[in-house]
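What follows is the residue order along each chain.
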Amino acid sequence: MADNGDDDNQYRIKEGDYVVLKRGEIFKAVQIQPRKKVIFEKQWIFLDNAVGQLYSTTFEILSGGNLKPHELKDSAGTDNRNIVDDGKSQKLTRDDIEALKEKGLKGQDIIKKLVDNHATFGDKTEYSQVKYIKKKKKKYENTVMILKPSCRILAMMYHGREPGKICHLRYDTLAQMLTLANIHAGSKVLVFETCAGLVLGSIMERMGGYGSVIQMYPGGGPVRAGVESFGFPAHFHDTLHEFPICHVNALLAGTLDTSAKDPTAGRARFVCFLQAQVKKLRLEEKQRRLAATAALLKGRNADGLVIASRFHPCPVLLGLLKFLSPSRPFVVYSQYIEPLVECFKKLRECGGTVNLRLTDTWMRHYQVLPDRTHPLLLMSGGGGYLLSGTTVATDHSKPAGSKQAEEPAPKRQKLEDTEG
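Cut-offs and rules
- Residues numbered from 1 in each chain as written.
- Predicted model: local features only at pLDDT ≥ 70, side-chain atom pairs only at ≥ 80, totals over all residues.
- Heavy atoms only, no water.
- UniProt positions renumbered as here; feature names shortened; annotations may be inferred.
- Pairing = 2+ DSSP bridges.
- Helix = DSSP H or I, 4+ residues; strand = E, 2+ residues; numbered from the N terminus.
- Axes fitted to C-alpha atoms, helices over the stretch in contact; angles between N-to-C directions.
- Contact = heavy atoms within 4.5 Å.
- Phe/Tyr/Trp six-rings, centres within 6.5 Å; stacked < 30°, edge-to-face > 60°.
- Buried < 20%, exposed > 50% of the residue type's maximum accessible area, 1.4 Å probe, protein only.

- The protein has the name tRNA (adenine(58)-N(1))-methyltransferase non-catalytic subunit TRM6 in an unreviewed UniProt entry, where Oreochromis niloticus is given as its organism.
- UniProt, in the comment section headed Sequence similarities (unreviewed entry), describes the protein in these words: "Belongs to the TRM6/GCD10 family."
- Under the UniProt heading Subcellular location (unreviewed entry), the note attached to the protein is "Nucleus".

## Some words on the sheet that holds strand β6 (residues 67–69)
Next up, step 1: Pairing is antiparallel in the open sheet, where five strands are placed in the order β2-β1-β7-β5-β6. Both edges of this open sheet fall to β2 (26–31) and β6, since each of them pairs with a single strand only. Within this sheet the neighbouring strands show an average axis-to-axis angle of 35 degrees, counted without direction.
Next up, step 2: Where strand β1 (residues 18–23) meets strand β7 (residues 143–147), three bridges bridge the pair, whose relative direction is antiparallel. The residue of β7 that forms the bridge with Lys22 is Met145.
Next up, step 3: Packing against the sheet, helix α5 (residues 151–161) makes contact with β1, β2 and β7, and its axis sits at approximately 120 degrees to β2.

## Some remarks on the packing of aromatic side chains
Next up, step 1: Inspection of every chain in the model, using the stated rule, returns three aromatic pairs.
Next up, step 2: For the ring pair Phe192 and Phe311, a centre distance of 6.4 Å and an interplane angle of 35 degrees mean the geometry is tilted. A residue pair is termed long-range when its members are at least 10 positions apart, and Phe192 in strand β8 (residues 188–193) and Phe311 in the loop between β11 (304–308) and α12 (313–320) qualify at 119 residues.
Next up, step 3: The exposure class of Phe192 is buried, given its relative accessible area of 2%.

## A word on the pairing of β1
Next up, step 1: Where β1 lies against β2, six bridges are found, and the strand directions are antiparallel. Paired with Val20 across the bridge in β2 is Ala29.
Next up, step 2: If you look at the hairpin formed by β1 and β2, you'll find two residues sitting between the two strands, and Gly24 has a positive phi there, around 65 degrees.

Shown next as structure tokens:
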């Protein structure tokens, strides 16, 4: 059994870790590197002093961009009945505050002086004190919180800063996708996504480094920027495989060629020998990975399929469903409902799937506090649409579209008697 020191170490920030910076509702994913300047909200900061501190610690940004942990505690009153909002509770004037800024006082010190010079701050309830300090922090304090990356935090980061990169996928919709696809450790999952690697990384996080994840990608190579932000250990990447979507038909037809061919053949005179060797090694490694992934797919025994792409999902879905075992879940995300309606109709026509469901997601944040529970005024308008279902084994002995084979026996008997 590990001692407490080892257990505590996993919650502390270490050099080389990928972390998420947070200020208010603004997030940014960065890596902890010594004496490396990081730009966050138009400000240069150094993350060296964060090493060894616990995740979710709030730091004050000092002069020169260095970080320092800080904490502010105050005593609270029982209620606000004795507080009169006459504008005279704060003894410091605007000129006094500007003078404090000119003297070089830090944001935390300015807030502390505002609290100390507030005549009724101690009479406020804890909730009112938090609201007051939060309001002043936005105006005067210069802080940043360092968080441990997770699929929820990274989904919120992308959705808040660059929603177009993840097809406007909201984190609650992402959670539903992981549940509907039954993502768990030890499974073999097919993924086709153009969400900067966010969906791929979320699946890898849920699987915990056990099983196989096969990324089907368009274009020249897979995009995994979001996966890097998770900061997975090395053994997580051993479970990740890749396969170009353009070779799916060839694999299904049995005509896929995984032999390595030297693209520099016949031009050795014009290419440096060393460069040619490097290109050859890269090509051989690429073909080796292609052959290994093709061997995984040939079994057609995948446990789940997840699609979240800017491309039309119908041809991709129909092609990749053939690699799933019977009684396995699949889920398709789209920002718009029309492509999923087309997929729904096509699946009903082709057969081989049951329990088809086309849903949309709606979410609203609530403030939950004693006697102060209410929905927030601002919310996301929509979270996209999901098409989910389960594969089943099809009976190929019956001709497709045969009405006679599908009719109930009593009905066929009645028709025969009428004809007689």
